[in-house]
Each structure stands twice: as C-alpha cells, then as structure tokens.
Amino acid sequence: MIVLLGVVVVILGFVTRRNPVLVVGVAGVFTGLLGGLNPLEVLAAFGRSFADSRSVTVFAVALPVIGLLERYGLREQARRLIGRLGGLSAGRFLTVYLLLRQVTAALGLTGIAGPAQTVRPLVAPMAEAAAERSAGAALPDRLREKVRSYSASADTVGLFFGEDCFIAIGSILLITGFVNSTYHQNLEPTQLAAWAIPVAVCAFLVHGARLLLLDRQLQREMALAAAEHDVPLPKETNK
C-alpha cells in the first residue's frame, strides 16, 4: 500500500498548482522507487509506457506542421475565407462546426479535429472574422476571448457526446466490460450506443441554441462598448 503515496504527490502538486507534466513525472518516479525499482528500471518503465501508448501522443507530430502553416498565413487565409461569406455569423458557423464534429465523432473519426488541429488554427480565427464582419468593427480583447472559448466548447461538446454513439470507442467498451464482469450482465455496446444517440441530439439542441444566442450577446456587448467610448468625459470646473 505504500506505493499509493504517489497519489498523494499528485494531489499535492495539483493543489500547489505546479506544472502537471512535472507533477506526474515526479509521482511516477516516486512510486517506482517505493515499489522497489532502481532508477534504470524506472526509466525503462517510462520508455515502455510511452511506446505502448504512443498513439495517445501522436498529436505532437502534427504540432510542427500546424506551426509552419500558421507561420505562413493559415489563420489569415481562414479569416479572409469566412469574411467572404456574407450571411454566416459566428454563432451559425460554430453551430455548423458542432454538427460536423458530432457526426464525425459518432462515426469513429475522433482524431480528424481537435483543439490543436482545427480550433486554434482554423475554427477560432474564422469565428472571430465572422463576428467582426457582423459587428462591422474589430472585437475587443474580452469579446475575442469569448468567441475563442465558444469555439473550443463547440469542439468539446461535439466530441464528448458524439463519440459514445460509436460502438467501438474506448468508453463504451470499458463500460460494457466493467458491467458484464462485475454485475454478470450481458450488456452489448449497441445498447449503450442506442441510448447515446438521443443524449447527443439533446446536447446538440442545447449547445446549438447557446451558440446561436452568441450573436445577440456579441451585438449587445459591442453596442455597450461603443457607447462607453462615445460618452464624453466630464469637464473640470474652475474653483
């Protein structure tokens, strides 16, 4: 049971707001040493774990490519493209992206989009451009961050509620395996996927409505920001 002290290291690291990668690495080394492994065996265990789960970190291979594309104008081209579509607002654009993300995740295509691959270099700049075109002015920093957060939420909600509709996803297999082995049931992945479909539809309706309401929020806050800038400063009175 003494090896469970590694969990305490993780909790303390997160409570003190240390770097998560550093916290997990130190906890792993600490746990290995408590388990009776020497430093070389701990290092070998890290190497084996990385090799066995390299598919989880494959996104790191795409990061240099995305960086080069951004360096040579990917974000600017995305903004120009969305600026040419006159009737597409930020809320409508993000609703369409939410639908596409949910449908592709339901088909098992969870890796074709994501925060690093699409949201930061493409979706967020295009949503910002659509919002600026609708408002007819540049967005303040506060509203720009708001549009970016809604862009990330469209990706997260679409993936989270869409992937459970695919019977071969890890979460579905984990649930069925745990229930069948623990409670001696005969639960099939198709049963869970069938119940996940109406949940995904409800999630799309709820979050899609929030995304469509974003346009009104942006218009109202832009009007308030413009009114604040137009208010004349009080004149000083001579005593």
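What counts as what
Residues numbered from 1 in each chain as written. Predicted model: local features only at pLDDT ≥ 70, side-chain atom pairs only at ≥ 80, totals over all residues. Heavy atoms only, no water. Helix = DSSP H or I, 4+ residues; strand = E, 2+ residues; numbered from the N terminus. Buried < 20%, exposed > 50% of the residue type's maximum accessible area, 1.4 Å probe, protein only. Contact = heavy atoms within 4.5 Å. Patch = residues over 30% accessible without salt bridge, like charges linked within 9 Å, V, L, I, M, F, W, Y side chains within 5 Å. Areas by Shrake-Rupley, 256 points an atom, 1.4 Å probe, with all protein chains shown as cover. Salt bridge = Lys/Arg side-chain N within 4 Å of Asp/Glu carboxyl O. Core = buried A, V, L, I, M, F, W, Y, C linked by side-chain atoms within 4.5 Å. Phe/Tyr/Trp six-rings, centres within 6.5 Å; stacked < 30°, edge-to-face > 60°. Expected span 1.5 Å × (residues − 1). Arc of directions from axis to C-beta.

**Q** Quick question: what am I supposed to make of the overall build of the protein here?
**A** Looking only at helices and strands, one finds ten helices and zero strands in the protein. Going residue by residue from the N terminus, the α and β elements of the protein occur as α-α-α-α-α-α-α-α-α-α. Sorting the 239 residues of the protein into buried and exposed places 29% on the buried side. Expressed as a percentage of contacts within the protein between residues at least 6 apart in sequence, the contacts between residues at least 24 apart total 70%.

**Q** I would appreciate a short explanation of a nonpolar patch on the surface in the present structure.
**A** A cluster of nonpolar residues, Ile2, Leu5, Val8, Leu12 and Phe30, forms a patch on the protein surface that exposes about 440 Å² of accessible area. A per-element tally of the nonpolar patch places helix H1 (residues 5–15) first, with three residues. As for its position among the elements, phenylalanine 30 is in helix H2 (residues 20–34). Residue phenylalanine 30 is classed as partly exposed on the basis of its relative accessible area of 34%.

**Q** Explain the nonpolar core to me, please; I cannot follow it from the model alone.
**A** One recurring pattern in soluble globular proteins: nonpolar side chains tend to sit buried together. In this structure, Phe93, Leu94 and Leu218 are the most contacted members of the largest nonpolar core, which totals 25 residues. Counting only elements with at least two residues in this core, the list comes to helix H5 (74–83), helix H6 (90–106), helix H7 (115–135), helix H8 (141–162) and helix H10 (189–230). Top contributing element to this core by residue count: H7, with seven residues. Those residues in contact with leucine 218 that sit more than four places away from it in its chain are Ala90, Ala131, Leu143 and Val147.

**Q** What am I meant to see in unusual backbone geometry here?
**A** Leaving glycine out, the prevailing phi sign among residues is negative, and the prevailing peptide bond configuration is trans. The backbone phi angle of arginine 17 is positive, close to 60 degrees, even though this residue is not glycine. As for its position among the elements, arginine 17 is in the loop between H1 and H2. Unusually for a residue other than glycine, histidine 184 sits at a positive phi of about 55 degrees. Looking at the element boundaries, histidine 184 is found in the loop between helix H9 (170–182) and H10. We classify histidine 184 as exposed; its relative accessible area is 69%.

**Q** Would you take a moment to explain the packing of aromatic side chains for this structure?
**A** What characterises a pair of aromatic rings is the spacing of the ring centres plus the angle enclosed by the ring planes. Following the criterion strictly, the structure yields one aromatic pair and no others. Between phenylalanine 160 and phenylalanine 161, the aromatic rings sit 5.1 Å apart at their centres with planes inclined by 75 degrees, giving edge-to-face as the arrangement. Given the relative accessible area of 28%, phenylalanine 161 is considered partly exposed.

**Q** Looking at this structure, I do not really get the side chain of arginine 144. What am I missing?
**A** As for its position among the elements, arginine 144 is in helix H8. Among residues more than four places away in sequence, those in contact with arginine 144 are Arg79, Glu128, Glu132 and Leu139.

**Q** What's the story with the pattern of salt bridges in this structure? I'm lost.
**A** It is possible for side chains bearing opposite charge to pair when their charged atoms get close. As enumerated under the stated definition, the model contains seven salt bridges in all. Note that arginine 148 and glutamate 128 form a salt bridge whose closest N and O atoms lie 2.6 Å from each other. Of the two residues, arginine 148 is situated in helix H8 and glutamate 128 in helix H7; the sequence distance between them amounts to 20 residues. Looking at arginine 148, the relative accessible area reads 29%, which means it is partly exposed.

**Q** Sorry, what's going on with H2 here?
**A** Because each turn of an α-helix spans 3.6 residues, side chains separated by three or four positions end up pointing in the same direction. Between its first and last C-alpha, H2 extends 21 Å over 15 residues, near the 21 Å set by a 1.5 Å rise per residue. Along H2, the residues classified as buried are Val23, Ala27 and Gly32. One side of H2 carries all its buried residues, which in axial view fall inside an arc of 160 degrees. Exposed and oriented more than 90 degrees from the buried face of H2 are Val21 and Leu22.

**Q** Would you mind going over the side chain of threonine 104 with me for this structure?
**A** On the secondary structure map, threonine 104 appears in helix H6. Sequence-distant contacts of threonine 104, defined by excluding residues within four places in its chain, comprise Leu109 and Ile112.

**Q** Teacher, can you tell me more about the environment of glycine 32 here?
**A** Residue placement: glycine 32 occurs in helix H2. For the pair glycine 32 and glycine 6, spaced 26 residues apart in sequence, the C-alpha separation works out to 8.8 Å. Residues within four places of glycine 32 in sequence aside, it is in contact with Leu37 and Val42.

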